[in-house]
Every structure is written in C-alpha cells, then in structure tokens.
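Overview (structure and organization)
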Amino acid sequence: MTLTPTRAPDVRVRRLTTTLYGYAFLDEFILLYPVYALLFSDSGLSVWQISSLFALWSVTAVVLEVPSGAWADAVSRRLLLWLGPLLTAAGFTLWVLLPSYGAFAAGFVLWGIGGALGSGALEALVHDELERLDAADRYARTMGRARAAGLVAVMAAMGLAGPVFTWGGHTAVGAASVLVCLLTSAVALRLPEHHTPAPGHGSWTGTLRAGLAEVRDDRSVRGALLLVPAVSAVWGALDEYTPLLVRETGVADGTVPPLLLLIWAGATAGSLLAGEGERLGTRGLAALLAGAAVALAAGAVHGSPWGLTLVALAFGGFQAANVLADARLQRRIKASGRATLTSVAGLGTELLTVASFAGYALIASGHAHGTAFAVFALPYLATAALLLTRRRAVAGPRS
C-alpha cells in the first residue's frame, strides 16, 4: 500500500482564503472614494490645495513603503494589517468632524501610513500561510480572487455612495467609511499567522538590510522584483484617465459611468483568471503583455465606445499579469524578507506611476487621450521583448 503525502486540510485553506476575501472587499469598500473631492471643494478648498493633499498622500506612501515592509517581517504582518485600517478610520473621522485643510492633511497622512502598513504585509502573510498548508501553488489564484473582490467593492461603493450622500450628506458617507475601516481591522484579526522573524534580524533595519542583500546577490530575485513595477505602474496610472478617454468617444456624460464599469469588469475578470495563467511561464507572460498592449492601443485609437471593449480586455490582461508578476516574485524570495522585498517592489511601482503621470500629461497636452493611451502601450511591448530575451539568455526551470 502506497501512502501519499498528507496535504493540509482544505478547511484551513478555506478559512484563510475566505477571511482574505472579506478583508480585501472591506478594505476597498469605502464610500468616501467617489465623493471626497466634493467634500474638499464644499469645505472651501481651492484646486491647488486639493492637489497638494494628493501630493502629501503620495509622499507619505512612498516614504513609508519600504520601512513598513521591513517592520512587517521583523514584527508581525497581521499586526500591521490590523493597525492600518484603524489609522485610516482615524483620518476619515478627522475629515468629518473637523472639515478643514489641516484636518484633511492629517487624514491623508494617516491614510497614507495605513496603506503603507498593509503593502507587502498582506502578500507575505498569504504566501507564507499557503506554503505552510502545502498550498503555495494556489497563491496566484487566491490573490487574483482577492483583488477581484477589491475591484467589486470599489464598484459597489461607487453605486452606493450616491444614495447615502443624498440621504445624509458627507457625514453619513464618512461615518459609513469609518465603520467599514473598523470592520476591516476586526477581520484582520481572524487572519492566521505563523511567521517568526529570522534570527539576527529582529529590528526592521536589520530585516531591510538582509532583504536588500538578497536582491543584490540573487539575479532571479532582482529580475522578478523589477518586473512588478514594469507590469503594474503604467496601466495603474492610465486607470485615472479612463473617464477622459471614455468622454472622448463622444458619449453623453451620463453614459460615462456604465462604460467605466465595463473597463472595471475587464480588470476583475483578469484577476479571476490569473490563477489559470500561472501555467503560462515566461513566454506566456510575455505573450499576455504583448496581446494586452496591442488591445490597448487598438481600442484607444478606435475612438468609439466599441473600442472600449478592447481597452477592457487590455486591462484584464494587465491585471492578470500583475497578479502573475507578484506570484513570480513571491516564489523567488525567502520567507524571512518577503514583506520587505514586496514593499520594495511597491515603492518601484509608486515611483514609476508618478513618472507615468508626468509622461501622460506631456503627451495628452498636445494630443488626444486615445493617442496617449496608445503610446503607453509601448512600455508593455518592451517588457514582453525583455522577458523573451532574458528567457533565451538564462535557461533553467525558473524561467
């Protein structure tokens, strides 16, 4: 009689994934998202002041991205996932109770800190727990579904924010957002964690040095880390301009939201299909990126609502590639520095996203939005070409 290795009971995997999906949904189910700019404007802030708040938010996230990841590796990932939503809730409370520039600035700093604490910690916790349960091969599928849950939450918040705002104004929308943040924090406590810091790396600075040393010494880790921002940043920046692209097709303003939901649906489908794409390998990932780039360019320059179907297809491809790039990185790094290096990749994504914003403004100031979208398909073609070149240059099972 041949005995097969015992896999972790599915019930433990289900507990992890169900809790994760709930956390991912609640983390994005913020009714303030669609209307906080209105709150700022109604409070008397100028466009310059509102823009400065967004800049402060971005700077906070960039500064704390890597230290927070190192802290997660040195202390506890679940602790940071619990603390982050509480800080965000405190920021939203300030906005509602003391609507002023100073309160908005403090709220954005708290929100930026909260977001940075979760960046890297969540991916590291999920991968290590799945690995402990002998289910690491489910990581891409699991994270794809988690991100799909987050996208569905954003769409649900967009649909619900209007009625709640009509009923109770900024106070009701803000109170609902604070409540959701508290629920998110409570759900985080249900996430399992068996992570222990590596000996000799008890401080976050020691953990950070160890993680950066791994990037320096391991070429495969370095390549996987650089791939994450290369895949994530550009289309993440383009997402902010999709309303302008939709309006440019000539539809009425009332038709813009449904067409935006089409694009979001494409990204959601890409998340759900990411697990199936893990078998693609390097060549398949390159083909996925190239195909999505061609669809993006063709759909954007088409200049009609029908072309937006191709844009939605492209966003689905990019979202799937985003999940696969993250899974590729997680397979290559050591568990002790997982959150640290995931945060380093997140920092690269943030910086490249800011550069993409600047590049888009430069192109779109003299050309149509469709042209700008088409131009930004080129980096993905370049990334696909580099993946194929590297695959030929470096043979091995990890390619």
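Read on for a plain summary of the structure. From a predicted model like this one, the values you see are computed outputs, not experimental measurements.

Remarks on the pattern of salt bridges
Taken as a whole, this structure holds seven salt bridges when the rule is applied. For Asp128, the salt bridge goes to Arg77, with nearest N and O atoms at 2.6 Å. A residue pair is termed long-range when its members are at least 10 positions apart, and Asp128 in helix H6 (residues 121–132) and Arg77 in helix H4 (residues 77–97) qualify at 51 residues. We classify Asp128 as buried; its relative accessible area is 13%. Each of Asp73, Arg77, Asp128 and Arg338 takes part in salt bridges that share partners, so that together they form one network.

Some details on a nonpolar patch on the surface
On the surface, Val294, Val375, Leu378 and Leu381 cluster together into a nonpolar patch covering about 320 Å² of accessible area. Mapped onto the elements of the fold, Leu381 is located in helix H16 (residues 378–393).

Some points on the environment of Ser100
Turning to its location among the elements, Ser100 is positioned in the loop between H4 and helix H5 (101–118). Ser100 sits 57 residues away from Ser43 along the chain, and the two C-alpha atoms are 6.6 Å apart.

Some remarks on the packing of H4 against helix H7 (residues 139–188)
Following both chains from N to C, one finds H4 and H7 inclined at 170°, their axes separated by 8 Å at the closest point. Considering the angle they form, H4 stands roughly antiparallel to H7. For the pair H4 and H7, the contacting residues are Arg78, Leu81, Trp82, Pro85, Leu86, Thr88, Ala89, Phe92, Thr93 and Val96 in the first and His170, Thr171, Gly174, Ser177, Val178, Cys181, Leu182, Thr184, Ser185 and Ala188 in the second. Here the contact of H4 with H7 is composed, by residue class, of eleven nonpolar, eight polar and one charged.

A closer look at the side chain of Asp326
With respect to the element layout, Asp326 can be found in helix H13 (residues 307–332). Other than its neighbours up to four places away in sequence, Asp326 contacts Glu123, Tyr139, Met143, Arg147 and Val228.

Describing the environment of Trp235
Locating Trp235 in the fold gives a position in helix H9 (residues 219–238). Trp235 gets classed as buried once you look at its relative accessible area, which sits at 9%. Each C-alpha atom, one on Trp235 and one on Ala377, is 8.7 Å from the other, the two residues being 142 residues apart in sequence. Excluding residues within four positions of it along the chain, Trp235 makes contact with Phe315, Phe318, Gln319, Asn322 and Tyr380.

A look at the packing of aromatic side chains
Under the counting rule described, the total for this entry stands at 24 aromatic pairs. Pairing Phe40 with Phe104 gives two aromatic rings, centres 4.7 Å apart and planes at 55°, and the pair type is tilted. Here Phe104 lies in helix H5 and Phe40 lies in helix H2 (residues 36–42), a separation of 64 residues in the sequence. Neither Phe40 nor Phe104 differs from the other in exposure class; each is buried. Measuring from centroid to centroid gives 3.8 Å for Tyr241 and Tyr360, while their planes differ by 15°, and the two rings are stacked. Within this pair, whereas Tyr241 is found in the loop between H9 and helix H10 (242–248), its partner Tyr360 is found in helix H14 (residues 338–364), the two being separated by 119 residues in sequence. The same class applies to Tyr241 as to Tyr360, namely buried. Here the aromatic residues Tyr33, Tyr36, Phe40, Trp57, Phe92, Trp95, Phe104, Phe108 and Trp111 are joined through ring pairs into a cluster of three or more.

Notes on the nonpolar core
In this structure, Phe40, Trp95, Leu296 and Phe318 are the most contacted members of the largest nonpolar core, which totals 107 residues. Ranked by residues supplied to this core, first place goes to H7 with 16 residues. Look past the residues within four positions of Trp95 in its chain and what remains in contact with it is Leu32, Tyr36, Leu39, Phe40, Ala103, Phe104, Gly107, Phe108 and Trp111. Core analysis: the next-biggest nonpolar cluster, separate from the first, contains five residues, Leu151, Met155, Trp264 and Ala267 among them.

Focus on H5
The periodicity of an α-helix, 3.6 residues per turn, causes residues three or four positions apart to be oriented the same way. In a regular helix each residue adds 1.5 Å, so 18 residues correspond to 26 Å; H5 covers 26 Å between its end C-alpha atoms and thus fits that length. Listing the buried residues of H5 in full gives Ala103, Phe104, Ala105, Gly107, Phe108, Trp111, Gly112, Gly114, Ala116, Leu117 and Gly118. In this structure, the buried residues of H5 make contact with H2, helix H3 (47–74), H4 and H6. Immediately beyond the C-terminal end of H5, within one or two residues, lies Gly120, with a positive phi of roughly 95°.

Basis of the calculations
- Residues numbered from 1 in each chain as written.
- Predicted model: local features only at pLDDT ≥ 70, side-chain atom pairs only at ≥ 80, totals over all residues.
- Heavy atoms only, no water.
- Salt bridge = Lys/Arg side-chain N within 4 Å of Asp/Glu carboxyl O.
- Helix = DSSP H or I, 4+ residues; strand = E, 2+ residues; numbered from the N terminus.
- Buried < 20%, exposed > 50% of the residue type's maximum accessible area, 1.4 Å probe, protein only.
- Patch = residues over 30% accessible without salt bridge, like charges linked within 9 Å, V, L, I, M, F, W, Y side chains within 5 Å.
- Areas by Shrake-Rupley, 256 points an atom, 1.4 Å probe, with all protein chains shown as cover.
- Axes fitted to C-alpha atoms, helices over the stretch in contact; angles between N-to-C directions.
- Parallel < 35°, antiparallel > 145°, perpendicular 65-115°, else oblique.
- Contact = heavy atoms within 4.5 Å.
- Nonpolar A, V, L, I, M, F, W, Y, C, P; charged D, E, K, R; others polar.
- Phe/Tyr/Trp six-rings, centres within 6.5 Å; stacked < 30°, edge-to-face > 60°.
- Core = buried A, V, L, I, M, F, W, Y, C linked by side-chain atoms within 4.5 Å.
- Expected span 1.5 Å × (residues − 1).

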